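# Observations on the model geometry
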Amino acid sequence: MQQDCIFCKIANKTIPVNAVYEDEQIIAFPDINPAAPVHLLLIPKKHIANILEASSEDAALLEHIMTTIPKIAAIAGLAEDGFRTVINTKDNGGQTVYHLHFHILGGRFMTWPPG
Ligand code: 5GP
Ligand code: ZN
C-alpha cells in the first residue's frame, strides 16, 4: 500500500470499486474514462509502480495475471470477438497512474499501430 496511490486505494477498497473479477492477488474493474465499449483495468493488489519495477519476486504474480486475463475477458464477453491488452509504461508509453495495470479493451475493432 502506497499512500496517495489511487489504485492502492481501489485495491484496499478505500475507494469503492465495482469489481468484475477479484481474488487475493488481483482485481479488475471498469476504467473511469473508457476508450472502448468494454475497458477494464486489471491491477495487482501489491503496489508495483510499473513493469520496470517488477522483479523476479513478482514472477508468480505476473504469471497469475497473464493466465487470468483470458478468464476476465470471457467474463466480460470478449473471448469470442477478441480484445486488446495494453501495459503503458512511463511517459512515452502514456502511463498516467503509477501502479501497474493492464488495460483490457474490447467491444470494437482496434486499429494498429496505436497512436
Ligand atoms: P494509464 O494512462 O496510466 O495507462 O492508465 C490509467 C487509466 O486509469 C486511465 O485509462 C484512466 O481513465 C484510469 N483511471 C484513472 N483514475 C481512475 C479511477 O479513479 N478509477 C478508475 N476506475 N479508473 C481510473
Ligand atoms: Zn499503488
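Above: the structure in question.
Now for a look at the structure at hand. (Residues numbered from 1 in each chain as written. Chains lettered and ligands numbered in written order. Predicted model: local features only at pLDDT ≥ 70, side-chain atom pairs only at ≥ 80, totals over all residues. Heavy atoms only, no water.)

With distances of 2.0 to 2.3 Å, the protein atoms coordinating the zinc ion (ligand 2) are C5 (SG), C8 (SG), H47 (ND1) and H99 (ND1). Around the zinc ion (ligand 2) sit four donor atoms, and with donor-metal-donor angles ranging over 106 to 115 degrees the site reads as tetrahedral. Expressed as a motif, the donor residue spacing for the zinc ion (ligand 2) is C-x2-C-x38-H-x51-H. Here C5, found in the segment before helix 1 (6-11), pairs with H99, found in the loop between helix 3 (90-93) and strand 5 (102-106); they are 94 residues apart in sequence, far enough to count as distant. Neither residue differs from the other here; C5 and H99 are each classed as buried. (Donors = N, O, S within 2.8 Å, 3.2 Å for Na, K, Ca; no water. Tetrahedral: all angles 85-135°; square planar, octahedral: opposite > 155°, others 65-115°. Helix = DSSP H or I, 4+ residues; strand = E, 2+ residues; numbered from the N terminus. Buried < 20%, exposed > 50% of the residue type's maximum accessible area, 1.4 Å probe, protein only.)

Residue P113 follows W112 across a cis peptide bond; omega there is 5 degrees. With a phi angle near 70 degrees, K13 is a residue other than glycine that sits in the positive phi range. One can find K13 in the loop between helix 1 and strand 1 (21-22). With relative accessibility at 41%, the residue K13 sits in the partly exposed group.

The environment of ligand 1 is made up of 16 residues, and the closest members are D31, N88, T96, H101 and H103. In the environment of ligand 1, an oxygen atom lies 2.9 Å from a nitrogen or oxygen atom belonging to the backbone of G94. H103 places a polar side-chain atom, nitrogen or oxygen, 2.8 Å from an oxygen atom of ligand 1. Compared with its free state, where it exposes 520 Å², ligand 1 has 80% of that area covered by protein. At three residues, helix 1 tops the list of elements feeding residues into the shell around ligand 1. (Near = heavy atom within 4 Å. Polar contact = N/O pair within 3.5 Å; in protein donor to acceptor, adjacent residues only side chain to side chain. Areas by Shrake-Rupley, 256 points an atom, 1.4 Å probe, with all protein chains shown as cover.)

Counting 15 residues, the largest nonpolar core has I26, L42, I65, I69, I72, F102 and I104 as the members making the most contacts within it. Elements represented by at least two residues in this core include exactly strand 2 (26-30), strand 3 (38-44), helix 2 (59-75) and strand 5. Top element by residues in this core is helix 2. It accounts for five residues. Apart from residues lying up to four places away in sequence, I69 is in contact with L42, F83, T85, F102 and I104. Of all hydrophobic cores here, the second largest spans 10 residues; its members include C8, I10, A11 and I43. (Core = buried A, V, L, I, M, F, W, Y, C linked by side-chain atoms within 4.5 Å. Contact = heavy atoms within 4.5 Å.)

All right, on to the sheet that holds strand 4 (residues 83-86) then. If you walk across this open sheet you meet the five strands as 1-2-3-5-4, and the pairing is antiparallel. Of all the strands in the sheet, just strand 1 and strand 4 have a single pairing partner and so form its edges. Looking at chain direction, strand 4 and strand 5 are connected through four bridges and run antiparallel. Residue pairing across strands places V86 opposite H103, the latter belonging to strand 5. (Pairing = 2+ DSSP bridges.)

Below, the discussion takes up a nonpolar patch on the surface. A contiguous nonpolar surface patch, about 260 Å² in accessible area, is contributed by I51, L52 and I87. Relative to the helices and strands, L52 is located in the loop between strand 3 and helix 2. (Patch = residues over 30% accessible without salt bridge, like charges linked within 9 Å, V, L, I, M, F, W, Y side chains within 5 Å. Salt bridge = Lys/Arg side-chain N within 4 Å of Asp/Glu carboxyl O.)

These figures come from the coordinates and say nothing about function on their own.
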